[in-house]
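Examination of the molecular architecture
Single-letter residue listing:
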Amino acid sequence: GMRMRAAIAAPQPSPARDAWAQQWYQTTTSYLQYSHQLAMSPTHITARRAALPDDVSAVFDEGCVLEHFASESIQRAAESEKERGHPVRVPSRVDALKGAQKLFEEALARDAHHFESRVRLARVRWQLGDARRAANDLAAFTAGGEGDREVRYYAFLFLGGSRWTLGEASAAAEAYENALALFPSAQAAPVGVLLAKPRTSDENFARVESVLSAASVDRVDPWMDY
């Protein structure tokens, strides 16, 4: 809490040069996000950025929080609280997406090889209505073979979604199939395949059906932790 952040700020000449302080902030921010403690996240990240002004991951994490604020579930919950007369500090969907876009752009300006920022930036642009730019950026990213397996999986999922938005069903199906090849037990990818390619071959349909009929514990899908 506040006392721990005050203690973290104590190392001299500054916490920005203290590896333990950097790791503490990274770990606690990840925990807040994983446990969906979004009410505490903005204050925590503000303190983190003040203590570690050159920490690119802090910029990225703040962008992730705003991207999550833009989700349908959070927006619905915020609207429900407002209707009950309870004040909530949640930006509108568009404002949250624009804020996330700015932060992911800042992260990339600081580190051009922060690949997840690049992928999330494309998704945010897609959500803001620029599906063409998102698709182009994601196509270039996936063609370059950069990023780890999870980041590439996200990239193919979002490429499929942006292609589908553009009415490019065949290209969308190909992207979803590439995502499924990376995580064969994931459920988001085969759902995308069936959406974009409803008349898929019997072999592909059987593969998709085997994923969707599997027990939830057997479905390894990074999208569920996005």
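Quick note: structure is the one above.
Before going into details, it helps to say that this report is about the structure given with it. (Residues numbered from 1 in each chain as written. Predicted model: local features only at pLDDT ≥ 70, side-chain atom pairs only at ≥ 80, totals over all residues. Heavy atoms only, no water.)

Core analysis: the largest hydrophobic core is formed by 28 residues, its most contacted members being Val119, Leu138, Tyr153, Leu157 and Phe158. Elements supplying a minimum of two residues to this core: α7 (115-127), α8 (131-144), α9 (149-165), α10 (169-182) and α11 (188-196). Per-element accounting of this core gives the leading share, 8 residues, to α9. With sequence-adjacent residues up to four places away left out, valine 119 is seen in contact with Leu138, Phe141, Val151, Tyr154, Ala155 and Phe158. Counting 22 residues, the second largest nonpolar core, distinct from the first, contains Cys64, Ala70, Leu108 and Leu121. (Core = buried A, V, L, I, M, F, W, Y, C linked by side-chain atoms within 4.5 Å. Buried < 20%, exposed > 50% of the residue type's maximum accessible area, 1.4 Å probe, protein only. Helix = DSSP H or I, 4+ residues; strand = E, 2+ residues; numbered from the N terminus. Contact = heavy atoms within 4.5 Å.)

Attention now moves to the environment of alanine 189. Residue position: alanine 189 is located in helix α11. The exposure class of alanine 189 is buried, given its relative accessible area of 0%. On a C-alpha basis, the gap between alanine 189 and asparagine 178 in space is 8.5 Å, while along the polypeptide they are 11 residues apart. Excluding residues that lie within four positions of it along the chain, alanine 189 makes contacts with Tyr153, Leu157, Tyr176, Ala179 and Leu180.

This part is about the packing of aromatic side chains. The full count for this structure, using the stated rule, is 9 aromatic pairs. For the pair phenylalanine 60 and phenylalanine 104, a centre-to-centre distance of 5.8 Å together with 45° between the ring planes defines the contact as tilted. You can see phenylalanine 60 sitting in helix α4 (residues 56-69) and its partner phenylalanine 104 sitting in helix α6 (residues 93-110), a full 44 residues away along the chain. Taking 6.0 Å as the distance between ring centres and 55° as the angle between the ring planes, the aromatic pair formed by phenylalanine 115 and phenylalanine 141 counts as tilted. (Phe/Tyr/Trp six-rings, centres within 6.5 Å; stacked < 30°, edge-to-face > 60°.)

The subject of this paragraph is the packing of α7 against α9. Interhelical geometry of α7 versus α9 gives an angle of 20° and a closest axis separation of 10 Å. Comparing their axes, α9 and α7 come out roughly parallel. α9 is crossed by α7, and the crossing has left-handed handedness. Only Val151, Tyr154, Ala155, Phe158, Gly161, Ser162 and Thr165 of α9 make contact with α7, whose side of the interface consists of Phe115, Glu116, Val119, Arg123 and Trp126. Among the residues making up the contact of α7 with α9, the classes are represented as 7 nonpolar, 3 polar and 2 charged. (Axes fitted to C-alpha atoms, helices over the stretch in contact; angles between N-to-C directions. Parallel < 35°, antiparallel > 145°, perpendicular 65-115°, else oblique. Left-handed = near helix turned anticlockwise from the far one by under 90°. Nonpolar A, V, L, I, M, F, W, Y, C, P; charged D, E, K, R; others polar.)

This part takes up the pattern of salt bridges. Going through the model one piece at a time under the given rule, you end up with 17 salt bridges. One salt bridge connects arginine 125 with glutamate 105, and the closest N-O pair in it is separated by 3.1 Å. Of this pair, arginine 125 sits in helix α7 while glutamate 105 sits in helix α6; the two residues are 20 residues apart in sequence, bridging distant segments of the chain. The exposure class of arginine 125 is buried, given its relative accessible area of 9%. The salt bridge involving arginine 133 is made with aspartate 137; its shortest N-O contact spans 3.8 Å. (Salt bridge = Lys/Arg side-chain N within 4 Å of Asp/Glu carboxyl O.)

Between the first and last C-alpha of α8 there are 20 Å, a value that for 14 residues agrees with the 20 Å anticipated at 1.5 Å per step. Residues of α8 that are buried include every one of Ala131, Ala134, Ala135, Leu138, Phe141 and Thr142, and no others. Buried residues of α8, viewed axially, fall in a sector of 135°; they line one side. On the buried face of α8, the contacting elements are α7 and α9. Directly after α8, the chain includes glycine 145, whose backbone phi takes a positive value near 70°. (Expected span 1.5 Å × (residues − 1). Arc of directions from axis to C-beta.)

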